[in-house]
There are 2 protein chains.
Amino acid sequence: MSDRFSVTYRIRAEDLADAESRAAAIALEDTVEIPRDVVPKGYVEDVILGRVDAVLPREAGVFEARVSYHIDAVGRELPQFLNVMLGNASILQGVRAIGLTQNADLRDRFPGPRFGAAGLRRLTGRSQGGFVCPVIKPQGSSAEDLARLCYLTARAGADIVKEDHGLANQDAAPFRDRVALCAGAVRRANEERAAEGDATRALYFANIGGHGDQVRDLALYARDAGAAGILLIPGLFGFDAMNRLAQEPGFDLPIMAHPSHLGPYVLSPDHGYAHGLLFGTLMRLAGADISVFPNHGGRFGFSQAQCEEIVAACRAEDGPGPAILPSPGGGMSLDRLPDMMRLYGEDCVYLLGGSLLRYGDRIGDAIRDMRNALDGRPRDGA
Amino acid sequence: MSDRFSVTYRIRAEDLADAESRAAAIALEDTVEIPRDVVPKGYVEDVILGRVDAVLPREAGVFEARVSYHIDAVGRELPQFLNVMLGNASILQGVRAIGLTQNADLRDRFPGPRFGAAGLRRLTGRSQGGFVCPVIKPQGSSAEDLARLCYLTARAGADIVKEDHGLANQDAAPFRDRVALCAGAVRRANEERAAEGDATRALYFANIGGHGDQVRDLALYARDAGAAGILLIPGLFGFDAMNRLAQEPGFDLPIMAHPSHLGPYVLSPDHGYAHGLLFGTLMRLAGADISVFPNHGGRFGFSQAQCEEIVAACRAEDGPGPAILPSPGGGMSLDRLPDMMRLYGEDCVYLLGGSLLRYGDRIGDAIRDMRNALDGRPRDGA
């Protein structure tokens, strides 16, 4: 089987025969997209056409089908990989991709993230413990105000200072101005931390705001301005934009993927991708070093099991690429951190956004409280 | 209200108070993404923050909320427009965007397609009647074989010769080789048609296959090679990639949008976008001149009402931009064309793909049969 990679689909069907017929339809749909009886003999039929390897019943009306594909149907570019995996099949009723089994061809063409979890330990200097990650916001603030939040949170010990995904390229804080100021603010905080003998440093992740065809230029600008990482929204810019950055020879920063606009791919159990496949496997394949997802019990409705599936996929030993850091967020608070730490462990980026703003100029205290909560110590002054 | 554009959301909620609360949460989520009580006074609260204009009951447990946004929350780039419209809100349970009301700011920044339906009448020379559009496939075929299908269908009177969306940049027919051959084949057919006094011509639409950041270069290459249009998959390359091409000063070809990978945005009634909003309104806003969608009764499960909603949105007089051509496909056959013509009328691109291959070298007969069926004439020889 190693000359083909395979995708497992969850299929709603009336019975096994119906499920087998639907699986065969997927194999056609995502490759040749013509009726079976007119598929040309030879190369197209033998290599290009998807092949149904197995169809198994799972529960009443639900089956799992494994369909294998040859890399020749993909070529070298990520958009066509997704087109084969779930292009037109994404429009079929009752079809959901739930698993991917790579082969050597796929690993070769999409080797995954540059840094992963181990790389981020090295870059931050945080040899153990969860990663503290404040989110800088809201949009509409001036670049100076945002840079001040960057300084205060970095100075107080943040591991990653992440911009809000809504900080794009608006007039209130245009991308280039904002990134230069924020990167400078974090650099100053890191210098002060180093002077105090702190072996860790804060990495400032700039959110790419602009056009899709500017991602590379904006990322290089951010790096040259002092950013230590890039936040990108694959649901808006495309998974390929992220992968291009991860594979760009002249680029050397970690990438954090944000789930904005991707909700419909997971919310219905009958369509799209399984949570772990999208926010774990595919994020890794496309080069994310950190994958942000909405934690259970916050503003979004993911279940604990779905979150655990995402985390398992981020850490799976068989790739794609090295294990990455999951990053649960979406309405978290300091009070929930100890429970989250028990669930997710230390190889995890803990986001805290809007609720930090309640601290005002004392936002540094919140960062220290986050650190203590993750390390199992009482809050300062408690 | 003209200083803001507005988005209408369908919201599942327990009662009106719950719906109002959920609408307020959307307004926060897609702009400032912080708790209401920490939204800074002044510009952020007055301009940037989304504003709930109305919440109305629709049916048991279902409400509609109109939320207005200021262009300052968007800036000038399409990714951030979608981020405001349905970014994080796409991950909320039971929230679906169902309508967009533009304002002058939005029209100014996203003026829509360059050609639209009227432009395609001019480019093809087809002053009346439905547009006949064969789809060239399957992938895995050589560029020579694909070019031969282009020639035969163009020669027989096709209005648009569209590549299959699975023809990317695979080794069997790399993008640049394939496009040069196919464009040359259609040019030859058009020269022969013109020599016979035919006032119409076939437009060859090349499918962009490659990386997202190569879209502009590949499209310019295709134009220079003789392609008369571009097929693009916004669900893989991003809506911004399409819009950039539509607004590119140095580019002057019509764009056809393919729905691959977009299924999950419409399939669940509780999430994503309404069919008409996605495949009509947003395709127009992002610059598509033709919007492909799966016809009811084919391989996909769209209802006739959903298809009619798409067509109405493609033709709505109030934009975005000029009316565009809907293009139903997905398992159509010659037998269904008269019924489709009655439903969709002449301002429509009629796709026929895999079933054409049954004709073999007589594929030209199928094109003539399509023309006759759309014009209400009996088939040749019938």
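Please read all numbers here as calculations on a predicted model, not as lab measurements.

Draft legend 1. The arrangement of the nonpolar core in detail. Phe81 of chain A together with Phe81 of chain B are the most contacted members of the largest nonpolar core, which has 250 residues in total. Excluding anything up to four places from it in sequence, Phe81 of chain A contacts Phe5, Val74, Leu100, Leu106, Phe110, Leu282 and Leu285 of chain A.

Draft legend 2. Highlighting the pattern of salt bridges. Tallied over the entire structure, the rule returns 60 salt bridges over all chains. A salt bridge links Glu33 of chain A to Arg299 of chain B; the shortest N-O distance between them is 3.1 Å. Of this pair, Glu33 of chain A sits in the loop between α1 (16-29) and α2 (43-48) while Arg299 of chain B sits in the loop between β11 (290-294) and α13 (304-315), which puts the two residues in different chains. By relative accessible area, which is 10% here, Glu33 of chain A ends up buried. Overall, the relative accessible area of 37% leaves Arg299 of chain B in the partly exposed class. With its nearest N and O atoms 2.6 Å apart, the salt bridge here joins Glu192 of chain B to Arg155 of chain B. A residue pair is termed long-range when its members are at least 10 positions apart, and Glu192 of chain B in helix α7 (residues 175-195) and Arg155 of chain B in helix α6 (residues 143-155) qualify at 37 residues. We classify Glu192 of chain B as partly exposed; its relative accessible area is 26%. Given the relative accessible area of 24%, Arg155 of chain B is considered partly exposed. The structure contains a network of salt bridges with shared partners spanning Glu29 and Glu33 of chain A together with Lys137, Asp164 and Arg299 of chain B.

Draft legend 3. Quick peek at the packing of aromatic side chains. All names here are of chain A. All chains considered together, the criterion is met by 15 aromatic pairs over all chains. When the centroid spacing of 5.7 Å and the interplanar angle of 55 degrees are considered together, the rings of Phe5 and Phe81 count as tilted. Taken together, the residues span a long stretch of sequence, with Phe5 in strand β1 (residues 5-12) and Phe81 in helix α3 (residues 78-86) at a distance of 76 residues. Residue classification places Phe5 among the buried positions, given a relative accessible area of 0%. A relative accessible area of 0% means that Phe81 is categorised as buried.

Calculation notes
Residues numbered from 1 in each chain as written. Chains lettered and ligands numbered in written order. Predicted model: local features only at pLDDT ≥ 70, side-chain atom pairs only at ≥ 80, totals over all residues. Heavy atoms only, no water. Core = buried A, V, L, I, M, F, W, Y, C linked by side-chain atoms within 4.5 Å. Buried < 20%, exposed > 50% of the residue type's maximum accessible area, 1.4 Å probe, protein only. Contact = heavy atoms within 4.5 Å. Salt bridge = Lys/Arg side-chain N within 4 Å of Asp/Glu carboxyl O. Helix = DSSP H or I, 4+ residues; strand = E, 2+ residues; numbered from the N terminus. Phe/Tyr/Trp six-rings, centres within 6.5 Å; stacked < 30°, edge-to-face > 60°.

Worth remembering: the numbers are spatial, not functional.
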